[in-house]
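# Fold and contact review
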Amino acid sequence: MALVHNSRADSDPTTSGHVPEDAPSIGDQHKRASTREEHTTRSEGETSSESKSDWQGLSFLKSSIPVQSISSTMSTWTWPTALPTPDFQWPAPLPVTELQERFSALLLELGLGPGSLYDRIVNSPPDPAIHPECEWDAEVRLGQELCLPERAFLGERKRRMKASFARLMGVSESEVDERDLPLVAIAGSGGGYRAMLNTLGSLTSAQSSGILDCVTYTAGVSGSCWALGILYSGVAGSCDPRNAAAHAKDRIKVSYLDMDTLDALTTPPTNSYLLAGLLRKAAGPNGVPSLVDLYGTLLASRLYTPTDATKLDPQHLSMHLYRRNLDNGALPLPILSAIQHGTRSMPYLQSKSWTNEQTLVTPPEKAEEIKEVAEEKAFSISPWRERALENKQERLEKEIRWLWYEFTPYEVGCDEIGAWIPSWSLGRQFHNGKNTERKPELSFSILAGIFGSAFCASLKHYFREVEPALKLLPEQLYIWLEEIVTENEGDLGLIHPLPNFLKGLDGQLRFGSPPDITDHDTLSFMDAGAELNIPYYPFLRRNVDCIIALDASADSQDLWFTRAEELAAKRGLSTWPRGATWPARIHPGDKGAAVSSGVPPYEASTPDNANMKLAQTQESALAKQTGKAEATEQRGMAEETKPPPHGPLSTCEVWIGSSKTSNERVSARLDDLDEAALLQRDGIAVVYIPLMPNERRAPGFDPFSISTWRREVSEEESQRLLDVAEGNFADSQEKIVRLLRAVWQRKKMERQKRQWKAQLATLHEHLGEHLH
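Cut-offs and rules
Residues numbered from 1 in each chain as written. Predicted model: local features only at pLDDT ≥ 70, side-chain atom pairs only at ≥ 80, totals over all residues. Heavy atoms only, no water. Helix = DSSP H or I, 4+ residues; strand = E, 2+ residues; numbered from the N terminus. Contact = heavy atoms within 4.5 Å. Areas by Shrake-Rupley, 256 points an atom, 1.4 Å probe, with all protein chains shown as cover. pLDDT = per-residue confidence, 0-100. Salt bridge = Lys/Arg side-chain N within 4 Å of Asp/Glu carboxyl O. Buried < 20%, exposed > 50% of the residue type's maximum accessible area, 1.4 Å probe, protein only. Phe/Tyr/Trp six-rings, centres within 6.5 Å; stacked < 30°, edge-to-face > 60°. Axes fitted to C-alpha atoms, helices over the stretch in contact; angles between N-to-C directions. Parallel < 35°, antiparallel > 145°, perpendicular 65-115°, else oblique. Nonpolar A, V, L, I, M, F, W, Y, C, P; charged D, E, K, R; others polar. Polar contact = N/O pair within 3.5 Å; in protein donor to acceptor, adjacent residues only side chain to side chain. Expected span 1.5 Å × (residues − 1). Arc of directions from axis to C-beta. Pairing = 2+ DSSP bridges. Patch = residues over 30% accessible without salt bridge, like charges linked within 9 Å, V, L, I, M, F, W, Y side chains within 5 Å. Disulfide = S-S within 2.5 Å.

### Thoughts on the overall build of the chain
- From N to C terminus, the chain includes 23 helices and 15 strands.
- By sequence separation, contacts in the chain at least 24 residues apart represent 78% of the contacts at least 6 residues apart.
- Counting every atom, the chain has about 30600 Å² of accessible surface; 51% of that belongs to carbon and sulfur.

Written as structure tokens, this is what we have:
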């Protein structure tokens, strides 16, 4: 488990215990451990047949080995008397005895024996007071329209918004008609803890200004999904953004790879709270525990666990219960995102009239072909051959397709497939559109791992950093830890599957759906940032008027907007701002610095490559290598780039689309439009607020000093980033209010015009009757 080696690397400085002063360094002890290298002479990520553990990685959770067998195995282990002083920065020493005690307790709790944690969670009936959904049956809903609960929410939210919008506009409530209210959404980007804090800080400012009370939807990718989970779960004591931000700041000052986490996993009541989701998933008929599930569990130990254990509530990990503040319209509806990977195939030729391409889940041979081409290109010494291989790789990569799934407190499903299930039934087996079992809802600890699955790469990377010290642990334990971290690493996109709720629905899904998707036992999900790092997509089918995009990613600003423009065009939306480009970001120190970089390809060749691509582009899409990061950065990804200097990018940019013009030379920027031109634009407005330094709120602080890969952020750093996010949103308030006023007035005029036409038609009808 990653938390063992990192509990030393990222432990709390207040952890008790010490390492003897004469303890040798890792380098010295590594030499002593050379006799144990016989079982580790394998290439990275590969385990030899002679050195497999009896427990076979995370399959340990699936097989649930009897307690007696676990005890017998552990009794043969030989532990070192002390762990070495590491060659890299190590926050605090860790006594071997404490590590041994906690590890032994954890493994025994996961065993099959009576009274173990596994036995209590898996073999005991769930508490109906905590899991009322276990008494309900679920069916698959087919169609593209919004579900009934979401439509009911929209009505309640509008009633709530009317007074708030009137206050924001500075008019009396009587002047506001609910039908004219702008449909506003806030979209938070990916970017790890940095994005999470940016989203929470921005939402805090939005609440203070009154704008949040006029927002209908929130959506997130990756780190912003974590932020929304904190906000809507109530783990912070309320659903107030300021409290959620304070909770996040307090909890991430300690890494999830810390002794505190090991304590939480071995001590009631937090052990059952955190491990229930992982164990229930592993115990299912098609349960495949993965590194992503483990990662989500570790995240939950920090983000979704209150500091005061007396306030622990299992329902904090129930996504469907987030609706407690939605059914009455009190908060915007959150939309969380993940993607499923697929590939295009040749046209389905059984019918001559079928001309559309079908899509399939990417077969292993396709992924392997792309991988082989990429490897051959990397070693090619012939420029001609390299160009030919590059063209072949590009052609194969174009066959990759992603399916975007929405996760809300009401439903989980995919618009492109046209199938949805209640969120409380996620994780159940389905067949022919009905669940075949009743079981507790999939824990949000598992979902948190899926939403940010790209960051599993950091666990693998860190394992290699501390591997010399790990080899000093009992041999069987070391091999088992390596298996956990490296198993399935050749196919990262398939290591976090969930039961397939589409199974058996042959011929009932939306036209163009993958033809064999109803045959598989599982659906495999991954971090949506591999496709689009700002979640514009879910809003394209909801007819929103305005999207406020909070971007804390370090990629090209143009990348995500261009990708969204392509998706809008695919859906036939003529109202998306066309031809709008972000201010250029350039490579620092490049020759010809005035020339902006082109947009990098957004598609990746395989699920594995997509995760690694995301792991790279999160920090380095347009920046060059700037050397080793310091302190915690070195404990993230080994090499990391910083975004280039911000050029003419302003704190807030606004673009507004229009269905009335196809001339891309006509500016769509709010700053270039007078009031008359603004009222003529009937398209989607995009308010873009990038994470930028804010000298007024945090002098001298660069928010990108907090790496995407950080596993802990100090309270001071968190507060400064929150201050920057609040300040940037506050600085955008004037433009947002101006935009919303224009949208409101336009919708009001359009409604009045429709009413006038309807009245005129009625008058003509009455006059016609009298004349005849």
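### Considering the confidence of the model for the chain
- The predicted model of the chain averages 77 in pLDDT, with 72% of residues at 70 or higher.
- Scored below 50 in pLDDT, residues 343-364 makes 49 contacts in the model with residues more than four places away or belonging to other chains.
- In the model, residues 582-647 has pLDDT below 50 throughout and makes 160 contacts with residues more than four positions away in sequence or in other chains.

### A short note on the pattern of salt bridges
- Taken as a whole, this structure holds 24 salt bridges when the rule is applied.
- Note that Asp180 and Arg751 form a salt bridge whose closest N and O atoms lie 2.7 Å from each other. Here the residue Asp180 occupies a position in the loop between α7 (148-169) and β2 (184-188), and Arg751 occupies one in helix α23 (residues 715-771), the gap between them amounting to 571 residues. Considered together, Asp180 and Arg751 belong to a single accessibility category, that of buried residues.
- The shortest N-O distance in the salt bridge between Lys747 and Asp545 comes to 2.9 Å.

### Topic: the packing of aromatic side chains
- Tallying each qualifying case throughout the model produces 15 aromatic pairs.
- When the ring of Tyr304 is compared with that of Phe444, the centres are 5.2 Å apart and the planes differ by 90 degrees; the resulting orientation is edge-to-face. With Tyr304 in the loop between α13 (291-303) and β4 (333-344) and Phe444 in helix α16 (residues 444-451), this residue pair connects regions lying 140 residues apart in the sequence.
- With a centroid separation of 4.9 Å and 85 degrees between ring planes, the pair formed by Tyr405 and Phe525 is classed as edge-to-face. Of this pair, Tyr405 sits in strand β6 (residues 400-407) while Phe525 sits in strand β12 (residues 522-527), and the two are 120 residues apart along the sequence.
- Through a chain of ring-to-ring contacts, the aromatic side chains of Tyr304, Tyr322, Tyr405, Phe407, Phe444, Phe451 and Phe525 assemble into a single cluster.

### A look at the environment of Met169
- In this structure, Met169 sits in helix α7.
- Judged by relative accessible area, Met169 falls into the buried class, the value being 5%.
- The sequence separation of Met169 and Trp744 amounts to 575 residues, and the corresponding C-alpha distance is 9.7 Å.

### Considering the packing of helix α11 (residues 259-266) against α13
- Interhelical geometry of α11 versus α13 gives an angle of 100 degrees and a closest axis separation of 10 Å. If you check the angle between α11 and α13, you find them roughly perpendicular. Contacts from Asp260, Thr261 and Leu265 of α11 reach α13 at Thr297, Leu298, Ser301 and Arg302.
- Split into classes, the residues belonging to the contact of α11 with α13 amount to two nonpolar, three polar and two charged.

### Some details on the side chain of Asp180
- Classification of Asp180 by relative accessible area gives buried; the value is 1%.
- A distance of 2.7 Å separates the side chain of Asp180 from the side chain of Arg751, its partner in a polar contact.
- The contact partners of Asp180, leaving out residues within four places of it in the chain, are Trp744, Lys747, Lys748 and Arg751.

### Topic: α11
- Burial runs high along α11: six of the eight residues are buried.
- When α11 is considered as a whole, its buried residues turn out to be Met259, Thr261, Leu262, Ala264, Leu265 and Thr266.
- Two or three places before Asp260, at the start of α11, stands the capping residue Asp258, its side-chain oxygen 2.8 Å from that residue's backbone nitrogen.

### Brief notes about helix α5 (residues 96-109)
- Relative to the 20 Å expected for 14 residues at 1.5 Å per residue, α5 spans 20 Å between its end C-alpha atoms, a close match to the ideal helical length.
- Within α5, burial applies to Val96, Glu98, Leu99, Arg102, Phe103, Leu106, Leu107 and Glu109. The arc that holds every buried residue of α5, seen down its axis, measures 165 degrees, which confines them to one face. The exposed set on the far side of α5, more than 90 degrees from its buried face, consists of Thr97 and Glu101.

### Remarks on the side chain of His131
- Among the secondary structure elements, His131 is positioned in the loop between α6 (117-123) and β1 (141-142).
- Using a relative accessible area of 16% as the deciding quantity, one classes His131 as buried.
- Those residues in contact with His131 that lie beyond four places of it in its chain are Pro126, Arg280 and Pro440.

### Quick word on the pairing of strand β13 (residues 546-551)
- By the criterion of burial, β13 is predominantly enclosed, with six of the six residues buried.
- Alternating positions in β13 separate into two faces, Cys546, Ile548 and Leu550 on one and Ile547, Ala549 and Asp551 on the other, with burial throughout.
- For β2 and β13, the ladder comprises five bridges, and the chain directions are parallel. Directly across from Val184, in β13, lies its bridge partner Cys546.

### A look at the environment of Thr218
- Residue placement: Thr218 occurs in strand β3 (residues 217-220).
- Overall, Thr218 belongs to the buried group, its relative accessible area being 2%.
- In this view, Thr218 contacts Ile186, Leu228, Tyr232, Pro332, Leu333, Pro334, Ile335 and Phe539; residues no more than four positions away in its chain are not counted.

### Describing a nonpolar patch on the surface
- Together, Trp756, Leu760, Leu763 and Leu767 give the surface a local cluster of nonpolar side chains, amounting to about 390 Å² of exposed area.
- As for its position among the elements, Leu767 is in helix α23.
- Leu767 gets classed as partly exposed once you look at its relative accessible area, which sits at 46%.

### Points about unusual backbone geometry
- Cis geometry marks the peptide bond from Pro268 to Pro269; its omega dihedral reads 0 degrees.
- Looking at where Pro269 falls in the secondary structure, it is placed in the loop between α11 and α12 (270-283).
- For Ser222, which is not a glycine, the phi torsion comes out positive at approximately 55 degrees.
- By secondary structure assignment, the location of Ser222 is in the loop between β3 and α9 (223-233).
- Overall, Ser222 belongs to the buried group, its relative accessible area being 0%.
- The phi torsion at Asn543 lies on the positive side, around 55 degrees, for a residue other than glycine.
- Locating Asn543 in the fold gives a position in the loop between β12 and β13.

### Structural notes on the state of the cysteines
- Scanning the model with the defined rule gives zero disulfides in all.
- Cys652 takes part in no disulfide bond, and the closest cysteine sulfur to it belongs to Cys546, at a distance of 9.3 Å.

### Observations concerning the environment of Thr261
- By the element assignment, Thr261 lies in helix α11.
- Separated by 41 residues in the primary sequence, Thr261 and Arg302 have C-alpha atoms spaced 7.8 Å apart.

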